[in-house]
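Close look at the chain arrangement
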Amino acid sequence: MHRRPHSISISISMVAKGLLASLLLAATAANASPVLEKRADPITVTIDPSYQHPAFEGWGTSLAWLAVVTGAYPDSIRSQLVSMLYGPNGLNLNIARYNIGGGNAPTVKDYLRPGGAVPGWWKAPQAYGPNDKDWWDPNNADHWNWNADPYQRWWIDQIKGSVTKWEAFSNSPPWFQTVSGYVSGGIDATAEQIRSDKLDAFSTYLVKVAEKLESVHGIKFSTLEPINEPNTNYWKTTLDGNGVPTGGRQEGAHVGPALQSSIFVSLKNKIASSSLSAKVSAPDETNPSTFLTDYFGYTAAGAAAVDQLNVHTYGTSGRPNARDLAKSAGKPLWMSEVEGSWGNDFTSMNSGLGMAQQIIDDIRELEPSAWILWQPIEDRWNMVKEGNLQWGEIHVPFNCTSTSTLSNCAILTNTKYNTVRQFTRYIRPGDRFVKVSSTGSTAAIKSDNSGVVVVHTNSATSTQQVTLDFSGFSTISSSAKVTPVTSSASGALVTGTAVAVSNSRAVITVPASSVTTFIVSGVSGVNAANALIQSSKTYRIQGVQSSKYLQSSSDGNSAVINTLSSSSTTQRWTFRRLTSGTTYGSRDTFAIVNGSSGKRLSVSSTGATTLEADSGTPSAAAQWILSTTGNGNFAIVNSNVRAVLDVNGASTADNAAVITWQPNGASNQAWKILAV
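Read on for an overview of the structure. Owing to the predicted nature of the structure, the values given are computational and were not obtained by experimental measurement.

**Details of helix α12 (residues 415–424)**
- For α12, the tally of buried residues reaches 10 of 10 residues, placing the bulk of the element in the interior.
- Within the sequence span of α12, burial applies to Thr 415, Lys 416, Tyr 417, Asn 418, Thr 419, Val 420, Arg 421, Gln 422, Phe 423 and Thr 424.
- Where α12 begins, one side-chain oxygen reaches toward the backbone nitrogen of Lys 416, 3.0 Å away; that side chain belongs to Asn 414.

**With respect to the side chain of Thr 286**
- Relative to the helices and strands, Thr 286 is located in the loop between β8 (279–285) and α7 (288–296).
- Taking relative accessible area as the criterion, Thr 286 reaches 3% and is therefore assigned buried.

**Quick look at the environment of Asp 448**
- By secondary structure assignment, the location of Asp 448 is in the loop between β16 (441–445) and β17 (451–458).
- Overall, Asp 448 belongs to the exposed group, its relative accessible area being 54%.
- Spatially, the C-alpha atom of Asp 448 lies 38 Å from that of Arg 572, the residues being 124 residues apart in sequence.
- Of note is the side chain of Asp 448, whose polar atom sits 2.7 Å from the side chain of Ser 450.

**Digging into the packing of aromatic side chains**
- This model, assessed by the stated rule, comprises 27 aromatic pairs.
- On the numbers, 5.9 Å between centres and 10 degrees between planes, the contact of Trp 144 with Tyr 205 is stacked. Of the two residues, Trp 144 is situated in the loop between β3 (95–100) and α4 (150–159) and Tyr 205 in helix α5 (residues 199–217); the sequence distance between them amounts to 61 residues.
- Judged by relative accessible area, Tyr 205 falls into the buried class, the value being 1%.
- Taken together, Trp 121, Trp 122, Tyr 128, Trp 135, Trp 136, Trp 144, Trp 146, Trp 175, Phe 176 and Tyr 205 form an aromatic cluster joined through their ring pairs.
- Geometry around Phe 169 places Arg 97 over its ring, the cationic atom sitting 4.2 Å from the centre.

**Notes on the pattern of salt bridges**
- A complete count under the given rule lists 27 salt bridges for this structure.
- Of the charged contacts, one joins Glu 57 and Lys 165 as a salt bridge, the two residues approaching to 3.3 Å between their closest N and O atoms. Of this pair, Glu 57 sits in the loop between β1 (43–52) and β2 (58–62) while Lys 165 sits in strand β4 (residues 165–170), and the two are 108 residues apart along the sequence.
- For Glu 57, a relative accessible area of 18% puts it in the buried group.
- Taking relative accessible area as the criterion, Lys 165 reaches 26% and is therefore assigned partly exposed.

Calculation rules
Residues numbered from 1 in each chain as written. Predicted model: local features only at pLDDT ≥ 70, side-chain atom pairs only at ≥ 80, totals over all residues. Heavy atoms only, no water. Buried < 20%, exposed > 50% of the residue type's maximum accessible area, 1.4 Å probe, protein only. Helix = DSSP H or I, 4+ residues; strand = E, 2+ residues; numbered from the N terminus. Polar contact = N/O pair within 3.5 Å; in protein donor to acceptor, adjacent residues only side chain to side chain. Phe/Tyr/Trp six-rings, centres within 6.5 Å; stacked < 30°, edge-to-face > 60°. Lys NZ or Arg CZ within 6 Å of the ring centre and 35° of its normal. Salt bridge = Lys/Arg side-chain N within 4 Å of Asp/Glu carboxyl O.

Written as structure tokens, this is what we have:
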């Protein structure tokens, strides 16, 4: 939830949302929009249903600030905002993340940004300050305020009929469970901020609040996330010369991997003894690279306590590595928060195209089972103050009153609101994203097998001819057709003329600077002859970095790389799908069997590859998952050691050892799988 423009090399992660406006403005100006090409070349988008992501859980948002503020607005305003987020003609969201506030001490004057002071659920004497930290007893009913946070809770009641997944999350414990005594972070932003002697009390706080919300509002939390962007250096409380806090502007706490582990174990134990059925989700890290640093720093018990992995994509490097870690761990992965600004006005398509490409890239590289906005409703005047940035899809002043009307508390939308709807209106829970050949497109097959939805961006300033190739489907009915729905400068979600599918293809021209959803009916199934991996075929596995081929070692006990030998069967492999059924899932497991020895590829406890007899049910060490972004390269992920197939030391020498190593995205971990 840390605000920063996201495709620039400069890190703004030391600043809380809304700070250093000039730096944000300069950074955003450098990254105001996707690069607009003058001319769009024709493109063929091939949809491959033989590589299917897990069933999609849906689209959502965190409530937090937007709900704390707008829940107090007149019904004419707040009800319209609810409809714009969760209504079928709005963003059509189905996931909500409720923010369990921490709250500063009663004597601390509010210094957080509008909405940032999410109320805590404690009841303290009004004279208590930041240093009064050892008074709270969770078993004392007088220490709880069960009427807390009325406006975020108003939102719960309005949207619960549309929400299929609830997650509760915390940005900071209450002040009395922090080291600094403030919920905006430590005085030292890199020091541990959650008191190690209060971990069980913190877990109790979260669990009891979640229990109360379930009981009063009739909802069920699927997951409970105790921390947010923990292993970062920007959760800092700044004090003036009189010891009065002047920043940061939101709740947050630095927590290193070891302390995270202890929190997860504590929370899991507290949940187990409660009425909750929620699972622990974590770590809601700011980007995939830091997410991996966190995970590989966890204790075994800490990692085991986490049931769902959450990551943000404010930084985008390493998305495939997070994907592969989640696959190896066998845990669902959510893209649990992102926002950004790609422009400085409401009408330019720059903003809409930027967000659309963010969604496409997140889906393609991360393979999340849910995709969550941070704050789709932003403070209009805060955005104006920062140079008319376009964070959020909807802007409304955060200083409206109980007597405001839509005329003096106007609701404005930018083009992101329309382009996000190009995804959320048509790709729904239960659908499955699949591999596509274009980095400017994403596609999902419908849960009822009635067709497929393709979303395509054209960032050029000219029209583009798009050919959709459906040859990967086994059934294409004679009435199969493609209906385009487009958002561009000419209008939002404009339905075009349907085009018939002919010879497994459909050709449609899309407008300049546009996002188009192709609603395809009459295609289904998987054409086994065109499937990405076929058990009946033999393959060579070529290292991308070395251009050499995987083979058994001279003693037949491990794997190495070597120069191509076209006649040698030791460089030939078969992939036997171990996952039952014909799911064609991107998390399916395979036995990889050598064509010469008949042995299957496995890995030892030290990470070295081994070749073992292909008999009996393979252990997890001999089960492999294939990951691709659609660029022709694969990561080969082991199901046992949280690692991928790797050429040791990035060697290019003949007979270089092939091992497993934690995913890092290097080319010595990339492989081509080539049919012989």
